[in-house]
Amino acid sequence: MPTPSIAWHWRAEPLWRPARRLNRHGIPEKYLPWLLDPASLTERIIVQCRENFRVRLLDQRRARPLRNEAEALGMRAGTRAIVRQVQLLCGDTPWVYARTIIPPQTFDRKLHRFTTLGARSLGAMLFADPSMKRGEVEVTRLTPSDRLYHLVTRDLRDKPETIWGRRSLFRLGGKPLLVCEFFLPDIAEF
């Protein structure tokens, strides 16, 4: 049995699995459609929330992405990127924590608009871009031993045992960005 400090280091980053190879039996029914839907998450939430949808910008700055995020983007270790963290809300209730990593090679004039969104929806802009190509959806399950769990749940009064999330590598004009979305306990049934 590993010591707690070793276990923490071992689980510091989530393990992502391709959705096509996912064992669906352990995933609560409430989250499965959200995790596997290939459409725009923003659009799906707007349909569920109607006019009550909004984006809360938590943080956006140049920072080092997590190791697995940098690897997914083909970035060298230690390279900084724009790390954008938001909550997608229905009214005042957070439904999704989203984390986007925009690497330096994606900061050209055409794509600069994605780094100046503020509290506007990234998803709406992504899915409106005709050059957008979405990679495979990957799924993860966060627990309190994962570093991201604490970022994702920081504004929740009641913290669940697990948080389910998905991520996709998007390409706009051939340039990559990584979007990670974690579904919070108050999200509605799909």
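For the structure itself, consult the block above.
Residues numbered from 1 in each chain as written. Predicted model: local features only at pLDDT ≥ 70, side-chain atom pairs only at ≥ 80, totals over all residues. Heavy atoms only, no water.

## Looking at the pairing of strand β8 (residues 175-183)
Residues in a regular strand project their side chains so that they alternate between the two faces of the sheet. Put simply, the test is: Any residue under 20% of the maximum accessible area for its type is buried, any over 50% is exposed, and the rest in between are partly exposed; the area is computed with a 1.4 Å probe on protein chains only. Helix and strand labels come from DSSP, where a helix needs a run of H or I of at least four residues and a strand needs a run of E of at least two; each type is numbered from the N terminus. By this definition, two strands are paired if DSSP reports at least two bridges between them.
Burial within β8 is extensive, with 8 of its 9 residues counted as buried. Pairing between strand β4 (residues 93-102) and β8: 6 bridges, direction antiparallel. Looking across to β8, one finds that V96 is bridged to F183. Pairing between strand β7 (residues 163-172) and β8: 9 bridges, direction antiparallel. Paired with R167 across the bridge in β8 is C180. Hairpin remark: β7 followed by β8, antiparallel, with 2 residues in the connecting loop; positive phi at G173, about 60°.

## Considerations on empty space enclosed by the protein
What counts, and what does not: Points on a 1 Å grid, built from protein atoms alone, make a cavity when a 1.4 Å probe fits but cannot get out and make a pocket when they are open with protein on both sides within 12 Å along at least 5 of 7 lines; residues with an atom within 4 Å of a point are the lining residues. Grid points are joined across faces, edges and corners, and a volume is the space filled by probe spheres set on the points. Residue type decides the class: Asp, Glu, Lys and Arg count as charged, Ala, Val, Leu, Ile, Met, Phe, Trp, Tyr, Cys and Pro as nonpolar, and the leftover types, Gly among them, as polar.
Here the structure, examined in full by the defined rule, presents 1 cavity of 30 Å³ or more. Taken as a whole, the largest cavity holds about 180 Å³ of empty space. In this structure, the largest cavity is lined by 21 residues; those nearest its centre are T42, L122, G123, V179 and E181. Those elements giving two or more residues to the lining of the largest cavity turn out to be α3 (41-49), β3 (81-90), β4, α5 (122-128), β7 and β8. Here the lining of the largest cavity takes 4 residues from α5, the largest share from any one element. Counted by class, the lining of the largest cavity contains 11 nonpolar, 5 polar and 5 charged residues.

## Remarks on α3
Spelled out, the test is: By arc we mean the arc of the directions from the helix axis to the C-beta atoms, nothing more.
Where α3 is concerned, the buried positions are L41, T42, I45 and C49. Summarising the axial view, the buried residues of α3 lie within an arc of 100°, below the 170-degree limit, and thus occupy one face. Immediately beyond the C-terminal end of α3, within one or two residues, lies R50, with a positive phi of roughly 60°.

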